[in-house]
Amino acid sequence: MKIKQSELQEIKPQTDSIQSSNKISTEGLNDRQQKHLETLIARYTEHTKTSKQQMQAYRSVLADPRGLEGFYPLVKEMVYPVIGKHASGSRVWDIDGNEYIDIVMGFGVNLFGHNPPFIKEALEQRLEQGIHFGPQSDIAGEVAELVSELTGMERVTFSNTGTEAVMTAIRLARAATGRYKIVRFSDSYHGHSDGTLIKAEKADGSGSVPGYPGVPPNVALDVLVLEYVNPQSLEIIKAHEHELAAVIVEPVQSSRPDLQPQEFLQQLRELTKKSGIVLIFDEIITGFRVHLSGAQLGLVLKPI
């Protein structure tokens, strides 16, 4: 089953005055749009009914933010995660038996597709040896050496998640520089730690505020959120160079993969190097796709 983007666009209301209710709110839709919406919802929910039933069955115990991702009153009956059953190669099957081509590929990590035989075999071999938490793995050094050889990075560490990796990188930058403020750019994603869930109230980076409920306001005091690929952002960084520990950036933003600002990144590198500011390239999602050594060689053209 495939739902075209044009089908969703067709049901966009002609007014922002939408009242939520137990029934589908169709305020602002003409008769043709209303009929299309009802048909689309019926078709989608029928094809993915087991996903919806399972989501509803476990809602009281399973706290999954994806259950509300993209919530909008007009299409609220379709707002629930599709629950996967199994995957192979480029394809995923849900619990209703629907087959999908996974163009996201596990949010970027499945470089060899789903369940590749050689990775499955390696995992099975390690599982036979047991999962020994505490002692260092007997292959940790060898893997670090291989990653260093592949990427050209001097040293390697391992982390469970991208969020943890970013938190550690920022902490190291602050420790190394003795400064505490950082710069991040709008439309970038750096995980879900408090220190990166900050948005800008003003274009000049002043007035940063929490981007989500629960993030303490004082955390935002140490974060400047600037516009990506804007020459003025470089000027703001220069003006604050004496208090900046790091600039963290998605060289190719996962939300805008078509934007590959080579010149801006080169200028940013020169500025941070001259000012003694740590430049952190966060390529958790886009890693290895620009270059095996990341954007520092794929776009900046020389080690950072």
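Conventions adopted
Residues numbered from 1 in each chain as written. Predicted model: local features only at pLDDT ≥ 70, side-chain atom pairs only at ≥ 80, totals over all residues. Heavy atoms only, no water. Axes fitted to C-alpha atoms, helices over the stretch in contact; angles between N-to-C directions. Helix = DSSP H or I, 4+ residues; strand = E, 2+ residues; numbered from the N terminus. Parallel < 35°, antiparallel > 145°, perpendicular 65-115°, else oblique. Contact = heavy atoms within 4.5 Å. Nonpolar A, V, L, I, M, F, W, Y, C, P; charged D, E, K, R; others polar. pLDDT = per-residue confidence, 0-100. Pairing = 2+ DSSP bridges. Core = buried A, V, L, I, M, F, W, Y, C linked by side-chain atoms within 4.5 Å. Buried < 20%, exposed > 50% of the residue type's maximum accessible area, 1.4 Å probe, protein only. Salt bridge = Lys/Arg side-chain N within 4 Å of Asp/Glu carboxyl O. Expected span 1.5 Å × (residues − 1).

### A look at the packing of helix H7 (residues 231–239) against helix H8 (residues 262–275)
Two numbers describe how H7 lies on H8: the axes approach to 11 Å, and their chain directions differ by 10°. By the angle class used here, H7 and H8 are roughly parallel. On the side of H7, the interface is formed by Leu234, Ile237 and Lys238, while H8 contributes Phe264, Gln267, Leu268 and Leu271. For the contact of H7 with H8, the residue count by class is 5 nonpolar, 1 polar and 1 charged.

### Here we look at the confidence of the model for the protein
Looking at the protein as a whole, the pLDDT averages 87, with 88% of positions reaching at least 70. Mean pLDDT values for the elements of the protein range from 46 in helix H1 (residues 5–10) up to 98 in strand E8 (residues 244–249). Below a pLDDT of 50 lies the segment residues 1–25, which in the model reaches 54 contacts outside its immediate sequence neighbourhood of four places, other chains included.

### Structural notes on the sheet that holds strand E4 (residues 181–185)
If you trace the 4 strands from one edge of the open sheet to the other, you get E7-E4-E8-E9, paired in parallel fashion. Edge positions in the open sheet fall to strand E7 (223–226) and strand E9 (278–281), since each of these has one partner strand only. Going across the sheet, the axis of each strand differs from the next one's by a mean of 20°, ignoring polarity. Examined bridge by bridge, E4 and E7 share 4 bridges and lie parallel to one another. Bridging from a neighbouring strand, Ile182 pairs with Val223 of E7. Here helix H6 (residues 162–177) sits on the sheet in contact with E4, E8 and E9, set at roughly 150° to E8.

### Section: the nonpolar core
Ranked by internal contacts, the top residues of the largest apolar core, which has 21 residues, are Val183, Phe185, Ile237, Val247, Val249 and Leu268. Sorting the residues of this core by element identifies E4, E7, H7, E8, H8 and E9 as the ones contributing at least two each. The dominant element in this core, judged by the number of residues it contributes, is H8, at 4 residues. Sequence-distant contacts of Val247, that is, excluding residues within four places in its chain, are made with Val183, Phe185, Ile237, Leu268, Thr272, Ile277, Val278, Leu279 and Ile280.

### Focus on the pattern of salt bridges
Overall, the coordinates contain 4 salt bridges when judged by the stated rule. Notably, a salt bridge pairs Lys49 with Glu46, separated by 3.3 Å at the nearest N-O pair. Of the residues examined, Lys49 reaches a relative accessible area of 38% and is grouped as partly exposed. The residue Arg91 makes a salt bridge to Glu99 at a minimum N-O spacing of 3.0 Å. For Glu99, a relative accessible area of 39% gives the class partly exposed.

### Focus: H8
Three- or four-residue spacings in an α-helix give side chains the same orientation, since the helix completes a turn every 3.6 residues. For H8, which comprises 14 residues, the first-to-last C-alpha distance of 20 Å matches the rise-based estimate of 20 Å (1.5 Å per residue) to within 8%. When H8 is considered as a whole, its buried residues turn out to be Phe264, Leu265, Leu268, Arg269, Leu271, Thr272 and Ser275. Of the surrounding elements, those touching the buried residues of H8 are E4, H7, E8 and E9. In the stretch just after H8, Gly276 is the one whose phi turns positive, near 70°.

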